[in-house]
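Listed below, chain by chain, are the residues.
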Amino acid sequence: MSAQLSAEDVTLPTTWQSSSPFTWDWDAMPEPAGGAHLPGPRFVSRELVHKSAAERVLLTDGVRQAPDSFIIAAMLPRDHCLYQQDDSGWTDPMLPTEALRQAGYYIQHRFYGVPETHKFILGAVTLEIDGTTPPSRTPWLPVNLRVTCAPTAKWTCRRLCMRLEVEVSVAGVVCGHGSLLSQAVDPRVYQAIRGRKAAPPLHESVPFIGCPLSPGEVGRQRKEDVLLADDGNANSWLLRLDDSNAEMVDHHVDHVPGMVVLEAFRQAALAVTHPPAGHRATVTGLRSEFASFCELDTPVRITARPRPGGGDADRMVVRVVAEQDGDEVAAGTVELRLGPDTSSGQDRR
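Residues numbered from 1 in each chain as written. Predicted model: local features only at pLDDT ≥ 70, side-chain atom pairs only at ≥ 80, totals over all residues. Heavy atoms only, no water.

When helices and strands are tallied, the protein shows three helices and 13 strands. Expressed as a percentage of its 349 residues, the buried residues of the protein come to 52%. Residue pairs in contact within the protein that sit at least 24 positions apart in sequence constitute 70% of those at least 6 positions apart. In the structure as shown, the protein presents an accessible area of about 15900 Å², 52% of it carried by carbon and sulfur atoms. (Helix = DSSP H or I, 4+ residues; strand = E, 2+ residues; numbered from the N terminus. Buried < 20%, exposed > 50% of the residue type's maximum accessible area, 1.4 Å probe, protein only. Contact = heavy atoms within 4.5 Å. Areas by Shrake-Rupley, 256 points an atom, 1.4 Å probe, with all protein chains shown as cover.)

Set out below in structure tokens:
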């Protein structure tokens, strides 16, 4: 459990009747022991956050503060092969985004009784980093997510639609805000929504086309993490996804995962940014809406168009779009801050 999460942080209701249609023994769900101090992080079950590998789980615990309000504790690793902290120790903003995604699964499974057989469909995600997160030189950064849930449609035993609003804090200091729009559906409803046959295995899907960008162009350190390939179109690239990269594809998927699309958006925003000498761009916020599933068996084009960031010389907003078969499957914005580059060229993020 994160040391931040304690009995003093929450006020648990003495009685509570859930309006969830899912059958679940609410009183039998154990609450975490407040104020516990463990020698190292202890993470929640990987099944509750839809991860195949336990080492990719970020959440350590959670408590219900009110009927639809929760505190979720997470530990963000400093040494992460995909989402690295920069040389000053600042946390990669994609890590709290992934923590929010996991929190959505965890809350709906544990506190709303959604069966583990249900499928989750991501509708939208936002995150804004306030820039007050203290640099961390420790292996793990303890983070608290204060999450409020609101249904967006009538609940049934086959479908739960909700919006989650989150406040991110470190050591009691609020450092970010975000939201997640999702629906959990049973397998039959999911297949009806998909409306297509199962996609081919990822390694049999669209072959790579174009020349992959260099890791430095997209803020990565490893070439296998580059998601964009240049095919000669300005400010536009083809998505390239390798199923051997377990950080990108942790388990079997029948479409391009939402976090992969968000990472492609981040990389595209960095690729069109040309900071002046001695400076580099850092992501401080992102917003994306998903109009439909991003399929594996046809090319996906990622486009990025920068625009001024509200009059601030050190700010930039990039409009990002994912298109497939002529249709827009996802779109949003990535917010960047330009600052001094102290990395000595080792990490051009």
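Structure's up, so let's keep going.
Inspection of the entire model under this criterion finds 12 salt bridges. Asp231 serves as the salt-bridge partner of Arg301, at 2.6 Å between the closest nitrogen and oxygen. Within this pair, whereas Arg301 is found in strand β11 (residues 301-308), its partner Asp231 is found in the loop between β8 (228-230) and β9 (236-239), the two being separated by 70 residues in sequence. Note on Arg301: relative accessible area 23%, which makes it partly exposed. Each of the salt bridges in this network shares a partner with another, and the network as a whole consists of Lys51, Glu98 and Arg101. (Salt bridge = Lys/Arg side-chain N within 4 Å of Asp/Glu carboxyl O.)

Turning our eyes to something else, we now look at the packing of aromatic side chains. Summed over all chains, the structure comprises seven aromatic pairs. Ring geometry for Phe43 versus Trp140: centroids 5.3 Å apart, planes at 50°, classification tilted. Residue Phe43 is found in the segment before β1 (59-66), and its partner Trp140 is found in strand β4 (residues 140-151); the two are separated by 97 residues along the sequence. Of the residues examined, Trp140 reaches a relative accessible area of 29% and is grouped as partly exposed. With a centroid separation of 5.8 Å and an interplanar angle of 70°, the aromatic rings of Phe70 and Tyr112 are classed as edge-to-face. Of this pair, Phe70 sits in strand β2 (residues 69-77) while Tyr112 sits in the loop between α1 (94-110) and β3 (119-129), and the two are 42 residues apart along the sequence. (Phe/Tyr/Trp six-rings, centres within 6.5 Å; stacked < 30°, edge-to-face > 60°.)

This part is about the confidence of the model for the protein. Across the protein, the average pLDDT comes to 79, with 72% of residues at 70 or higher. No element of the protein has a lower mean pLDDT than strand β10 (residues 279-290), at 89, and none a higher one than β9, at 96. Throughout residues 6-20 the model reports pLDDT below 50, and contacts reaching past four residues in sequence, or to other chains, amount to 26 contacts. The low-confidence segment residues 344-349 (pLDDT under 50) makes 18 contacts with residues lying over four places distant or belonging to another chain. (pLDDT = per-residue confidence, 0-100.)

In this section: helix α3 (residues 258-271). With 14 residues, α3 extends 20 Å between its outermost C-alpha atoms, agreeing within 8% with the 20 Å of an ideal straight helix rising 1.5 Å per residue. Judged by how many residues are buried, α3 sits mostly within the fold: 14 of 14 residues are covered. (Expected span 1.5 Å × (residues − 1).)

Looking now at the nonpolar core. Soluble, globular proteins show a tendency: their nonpolar side chains are buried together. Counting 77 residues, the largest nonpolar core has Ile72, Ile107, Tyr112, Leu145, Ile302 and Leu336 as its most contacted members. It is α3 that contributes the most residues to this core, 10 residues altogether. Ranked by size, the runner-up nonpolar core spans five residues in total, among them Ile121, Val185, Val189 and Phe293. (Core = buried A, V, L, I, M, F, W, Y, C linked by side-chain atoms within 4.5 Å.)

Attention now goes to the environment of Leu76. Along the chain, Leu76 falls in strand β2. Between the C-alpha atoms of Leu76 and Leu58, which are 18 residues apart in sequence, the distance is 6.2 Å.

As a further point, take the side chain of Thr273. Looking at the element boundaries, Thr273 is found in the loop between α3 and β10. A relative accessible area of 7% places Thr273 in the buried class. From its side chain, Thr273 meets the backbone oxygen of Ala269 in a polar contact 2.6 Å long. Beyond its immediate sequence surroundings of up to four residues, Thr273 is in contact with Ala281, Met316, Leu336 and Leu338. (Polar contact = N/O pair within 3.5 Å; in protein donor to acceptor, adjacent residues only side chain to side chain.)

The next subject is the side chain of Arg101. As for its placement among the helices and strands, Arg101 is situated in helix α1. If we ignore the near neighbours within four places in the chain, the residues touching Arg101 are Val49, Lys51, Leu180 and Met259.

Of all the positions in helix α2 (residues 187-194), only Val189, Tyr190 and Arg194 are classed as buried. Taken end-on, α2 shows its buried residues confined to a sector of 135°, consistent with a single buried face. The exposed set on the far side of α2, more than 90 degrees from its buried face, consists of Arg188 and Ala192. As for α2, its buried residues are in contact with β3, β5 (159-170) and β6 (173-185). (Arc of directions from axis to C-beta.)

The next point concerns the environment of Met259. Mapped onto the fold, Met259 is located in helix α3. Using a relative accessible area of 12% as the deciding quantity, one classes Met259 as buried. Distance in space between the C-alpha atoms of Met259 and Glu98 is 7.4 Å, their sequence separation being 161 residues.

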